[in-house]
There are 2 protein chains.
Amino acid sequence: MRLARRLRAERGDHGLTLSQLSVLATLHRHGAMTSGELAAHERVQPPSMTRTVANLVADGLLERKDNPEDRRQVLLRLTKAGTELLASDRARREAWLTCRMSEITADERQTLARAAVILDRLAGS
Amino acid sequence: MRLARRLRAERGDHGLTLSQLSVLATLHRHGAMTSGELAAHERVQPPSMTRTVANLVADGLLERKDNPEDRRQVLLRLTKAGTELLASDRARREAWLTCRMSEITADERQTLARAAVILDRLAGS
DNA sequence: ATTTTTAGTTAGCAAAGGTAATGAGTTATG
DNA sequence: CATAACTCATTACCTTTGCTAACTAAAAAT
């Protein structure tokens, strides 16, 4: 909990929340998907995702595209602005992480890397 | 992010949020403290803590005690109900964790334990 | 005695989470 | 084919959690 808050504090300049950033990152990694798929992936209820997405669309970071094959669905994808913001955030985060990583030993770094893999598996990626 | 949500989903029966639970756990681990100390420890601004604490007091899990030496301060401590709820939550969480831990090898468990220590240090516990 | 600082609070904003109910589109069935 | 049933996304509404700014009361400093 405290660690999560510490990370949140490192969110910084762009003014996006972790949830919003996570949506952008998911779309970047897995490509365009529907609101429902996004909700399932982020482990959130559909209405919550609707709202988060609406905010991101309003900010011009996502765009909606109707699916002609099933007109109930809406495909979401990153705009150019969204992709760029994600890239710059990643850079900033990398910088912070690099700084942190310099505070620990190579051994410890390896332990963290292994732990990340295990946790990812437990989270059911 | 997704892992955090997965954990949150495991919150279950008692109806408390992670923030509330974290406050109870902190008070249990470090003993009674003031609202300000609690806020600093949870890395949250004082007004946020005021409200969280107010909810917990309303639920009968915390109690306020004026400090006669400095009457600006309010000491917060767990009630019996708060202590019991914390214990039962811990038991439930342990059960879940034990179940998870049985899914991985002893080697992996050790990796996670080591990682936890390192992260704690980075978080500035 | 007055000013400054400190602890906690109140008021008000936005985001994120949830459930319940609706609307529109698709699929299944009589 | 017409209707029933289901699915996807949304709207409406509630709670909790963060935040900042402004305020009160108490303590400390001048």
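The structure presented is a predicted model; accordingly, all values stated were derived computationally and were not measured. (Residues numbered from 1 in each chain as written. Chains lettered and ligands numbered in written order. Predicted model: local features only at pLDDT ≥ 70, side-chain atom pairs only at ≥ 80, totals over all residues. Heavy atoms only, no water.)

### Considerations on the overall build of chain A
And step 1. When its secondary structure is counted, chain A shows six helices and three strands.
And step 2. In chain A, the order of α-helices and β-strands from amino to carboxyl end is α-α-β-α-α-β-β-α-α.
And step 3. Out of the 125 residues belonging to chain A, those deemed buried represent 34%.
And step 4. A sequence separation of at least 24 residues applies to 50% of the contacts in chain A between residues at least 6 apart.
And step 5. For chain A, the accessible area works out to roughly 7,600 Å², and carbon and sulfur atoms hold 52% of it. (Helix = DSSP H or I, 4+ residues; strand = E, 2+ residues; numbered from the N terminus. Buried < 20%, exposed > 50% of the residue type's maximum accessible area, 1.4 Å probe, protein only. Contact = heavy atoms within 4.5 Å. Areas by Shrake-Rupley, 256 points an atom, 1.4 Å probe, with all protein chains shown as cover.)

### A short note on the packing of helix H6 (residues 106-123) of chain A against helix H6 (residues 106-123) of chain B
And step 1. The contact between H6 of chain A and H6 of chain B brings their axes to 8 Å, and the two run at 115°. The handedness of the crossing between H6 of chain A and H6 of chain B is left-handed. Together, Glu 108, Thr 111, Leu 112, Arg 114, Ala 115, Ile 118, Leu 119 and Arg 121 of chain A of H6 of chain A and Glu 108, Thr 111, Leu 112, Arg 114, Ala 115, Ile 118, Leu 119 and Arg 121 of chain B of H6 of chain B make up the contact between the two elements.
And step 2. Of the residues in the contact of H6 of chain A with H6 of chain B, the class split is eight nonpolar, two polar and six charged. (Axes fitted to C-alpha atoms, helices over the stretch in contact; angles between N-to-C directions. Left-handed = near helix turned anticlockwise from the far one by under 90°. Nonpolar A, V, L, I, M, F, W, Y, C, P; charged D, E, K, R; others polar.)

### A look at the sheet that holds strand S3 (residues 74-78) of chain A
In sheet architecture, strand pairing relies on hydrogen bonds along the backbone and comes in two forms, parallel and antiparallel.
Residue and element names in this part refer to chain A.
And step 1. In space, the three strands of this open sheet follow the order S1-S3-S2, with antiparallel pairing throughout. A strand with exactly one partner marks an edge of an open sheet, and here the two such strands are strand S1 (33-34) and strand S2 (62-66).
And step 2. Where S1 meets S3, two bridges bridge the pair, whose relative direction is antiparallel. Bridging from a neighbouring strand, Met 33 pairs with Leu 76 of S3. (Pairing = 2+ DSSP bridges.)

### Structural notes on helix H4 (residues 46-58) of chain B
Side chains three or four residues apart in an α-helix point the same way, a direct result of the helix having 3.6 residues per turn.
Residue and element names in this part refer to chain B.
And step 1. For H4, which comprises 13 residues, the first-to-last C-alpha distance of 18 Å matches the rise-based estimate of 18 Å (1.5 Å per residue) to within 8%.
And step 2. Taken as a whole, H4 has its buried residues at Met 49, Thr 52, Val 53 and Leu 56. When H4 is viewed along its axis, its buried side chains cluster within an angular range of 100° and face the same direction. Residues of H4 that are exposed and point over 90 degrees away from its buried face: Pro 47, Arg 51 and Ala 58.
And step 3. For H4, the elements touching its buried residues are helix H2 (18-30), helix H3 (35-41), strand S2 (62-66) and strand S3 (74-78).
And step 4. Of the residues trailing H4, Gly 60 is marked for its positive phi of about 75°. (Expected span 1.5 Å × (residues − 1). Arc of directions from axis to C-beta.)

### Some words on the side chain of Asp 89 of chain A
Residues and elements named next belong to chain A.
And step 1. With respect to the helices and strands, the residue Asp 89 is situated in helix H5 (residues 80-101).
And step 2. The class of Asp 89 is buried, set by a relative accessible area of 4%.
And step 3. If near-sequence neighbours (up to four positions away) are discounted, Asp 89 is found in contact with His 14 and Leu 21.

### Some points on the side chain of Thr 111 of chain A
And step 1. Within the secondary structure, Thr 111 of chain A sits in helix H6.
And step 2. Setting aside its immediate chain neighbours within four residues, Thr 111 of chain A contacts Thr 111, Arg 114, Ala 115 and Ile 118 of chain B.

### With respect to the pattern of salt bridges
Residues and elements named next belong to chain A.
And step 1. The final tally for this structure, using the stated rule, is twelve salt bridges over all chains.
And step 2. Close ionic contact of Glu 63 with Arg 77 constitutes a salt bridge, the shortest N to O distance being 2.8 Å. Within this pair, whereas Glu 63 is found in strand S2, its partner Arg 77 is found in strand S3, the two being separated by 14 residues in sequence.
And step 3. A relative accessible area of 32% places Glu 63 in the partly exposed class.
And step 4. Classification of Arg 77 by relative accessible area gives partly exposed; the value is 37%.
And step 5. One salt bridge connects Asp 70 with Arg 72, and the closest N-O pair in it is separated by 2.7 Å. (Salt bridge = Lys/Arg side-chain N within 4 Å of Asp/Glu carboxyl O.)

### Focus: the sheet that holds S3 of chain B
And step 1. Read from one edge to the other, the open sheet built from three strands follows the order S1-S3-S2 (chain B), with strand pairing classed as antiparallel. Each of the sheet's edge strands pairs with one partner strand only, and the pair in question is strand S1 (33-34) and S2 of chain B.

### Examining the nonpolar core
And step 1. Val 23, Leu 24, Leu 27, Leu 38 and Leu 62 of chain B are the most contacted members of the largest nonpolar core, which totals 19 residues.
And step 2. Elements with a minimum of two residues in this core: H2, H3, H4, S3 and helix H5 (80-101) of chain B.
And step 3. Examining the composition of this core, we find that five residues originate from one element, H2 of chain B, more than from any other.
And step 4. Once residues lying within four places of it in the same chain are set aside, the contact partners of Val 23 of chain B are Leu 38, Glu 42, Met 49, Thr 52, Leu 56 and Leu 62 of chain B.
And step 5. Judged by nonpolar contacts, the second largest core, of 18 residues, contains Leu 16, Met 49, Leu 76 and Leu 78 of chain A. (Core = buried A, V, L, I, M, F, W, Y, C linked by side-chain atoms within 4.5 Å.)

### Some remarks on the environment of Thr 50 of chain A
Residue and element names in this part refer to chain A.
And step 1. Positionally, Thr 50 belongs in helix H4 (residues 46-58).
And step 2. A relative accessible area of 47% places Thr 50 in the partly exposed class.
And step 3. Separated by twelve residues in sequence, Thr 50 and Leu 38 have C-alpha atoms that sit 9.6 Å apart.

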